[in-house]
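# Understanding the architecture of this molecule
The lines below spell out each chain.
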Amino acid sequence: MLITPVGLGAWAIGGGDWAVGWGDQDDSQSIAAIRHAVERGVNWIDTAAIYGLGHSEEVVRAALREIPASQRPFVFTKCGLRWDEADRMAPPHNVGDPKSIRLECEASLKRLGVDRLDLYQMHWPSRDGTPIEEYWQALLDLKAEGKVRAVGLSNHNVAQLAAAEKLGHVDTLQPPFSAIRREFAAAELPWCAEHDTGVIVYSPMQAGLLTGAFTAERAKRLPENDWRSRNAEFTGDKLKANLALAETMKLVGQRHGTSAAAVAIAWTLAWPGVTGAIVGAREPAQVDGWIDAATLHLRKADLDEIAATIKRTGAGSGPSLPAEPGH
């Protein structure tokens, strides 16, 4: 699959009625955002069964319904997180049981209204005692059967990637990566480059912190059903450092005639080995705010300025400068 540098992330459109929701969402606006992203050239959508406890996949299906088959984007989704319908706000369970994965795959196919998933990913390492070899083999089996086109891991480390690779190729890794959360660049990124594993990073704007539009006042107003209201990066000294970094992104963006959001995403794409970035949108205008990232190439001076701000503010952790600027 040849994917565009940016893809639409469908976490937030799952709604707020579950443990890690983004607050209430307007499904009609979410559908409009997906269709607008496709019209702007985005050719893949990343969702997961757990987002809204199935609701995100249903919204994606509704959006795809009116898009001609020849223009439909690739659809990526994930497995390995099970929820309790009787208690929607309970934290999901990390499950690697192969039988569960097969059932989850069938459920996602049905909710999405497709015959085959373009990419199926294990969302997190299992916590039910299932070894990675067993749940990775389950994914490889689904690929061999034609249920899925490619298989990947999300939120897995180098040791886990290596264990999976022994059984069958890890097509993709989906890690968190932003100018604030940079740990992935130290170990997993070099491993993926060495093993020809595609990398699609999530939260390149760190859940909105690096959009240039986020403020301390907005952080205080986040509703209780928005997971960010309970996250350390959105409070205190960390928030101050993160917003200072966003200001630098805004200045760099002004020089390029674009937004801080586009700069934040392009920063992740400037790292050799990163294939694409997953970017959320809950309304069409948000897509227009970051779509420039797909064609924005940051200069060495831009990357150096961002790295200097990281050092000055102490924002986040991990390597702050790509070994080779841009690609």
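Model, not experiment: these values are computed from the prediction.

The positions UniProt marks with the feature "domain: NADP-dependent oxidoreductase" (unreviewed entry) are residues 6-308. The span residues 6-308 shows a helical share of 39% and a strand share of 12%, and its end C-alpha atoms are spaced 26 Å apart.

What follows covers the pairing of strand β6 (residues 119-122). Burial of β6 is two-sided: the residues L119 and Q121 facing one way and the residues Y120 and M122 facing the other way are all buried. Here four bridges tie strand β3 (residues 74-79) to β6, and the two strands are oriented parallel to one another. Across the sheet, residue F76 finds its bridge partner in β6, namely L119. Here three bridges tie β6 to strand β7 (residues 151-154), and the two strands are oriented parallel to one another. Considered in β7, the bridge of M122 is made with L153. Following the backbone out of β6, through helix α4 (residues 132-144) and into the adjacent parallel β7, one traces a crossover that is right-handed.

Considering soluble globular proteins, one finds that nonpolar side chains tend to be buried as a cluster. The biggest cluster of nonpolar side chains holds 102 residues, and the ones touching the most others in it are L153 and W290. It is helix α9 (residues 260-269) that provides the largest number of residues to this core, a total of nine residues. Not counting the four nearest positions on each side in its chain, W290 is found in contact with V6, L8, V42, M205, A261, A262, I265, V279, G280 and A281. Membership of the second largest hydrophobic core comes to eight residues, among which are W44, F76, L119 and I278.

What follows covers the state of the cysteines. Inspection of the entire model under this criterion finds zero disulfides. In this model C79 remains outside any disulfide bridge; the closest cysteine sulfur is found in C105, 7.9 Å from its own.

Calculation notes
Residues numbered from 1 in each chain as written. Predicted model: local features only at pLDDT ≥ 70, side-chain atom pairs only at ≥ 80, totals over all residues. Heavy atoms only, no water. UniProt positions renumbered as here; feature names shortened; annotations may be inferred. Helix = DSSP H or I, 4+ residues; strand = E, 2+ residues; numbered from the N terminus. Buried < 20%, exposed > 50% of the residue type's maximum accessible area, 1.4 Å probe, protein only. Pairing = 2+ DSSP bridges. Right-handed = clockwise from strand over helix to strand, strands pointing away. Core = buried A, V, L, I, M, F, W, Y, C linked by side-chain atoms within 4.5 Å. Contact = heavy atoms within 4.5 Å. Disulfide = S-S within 2.5 Å.

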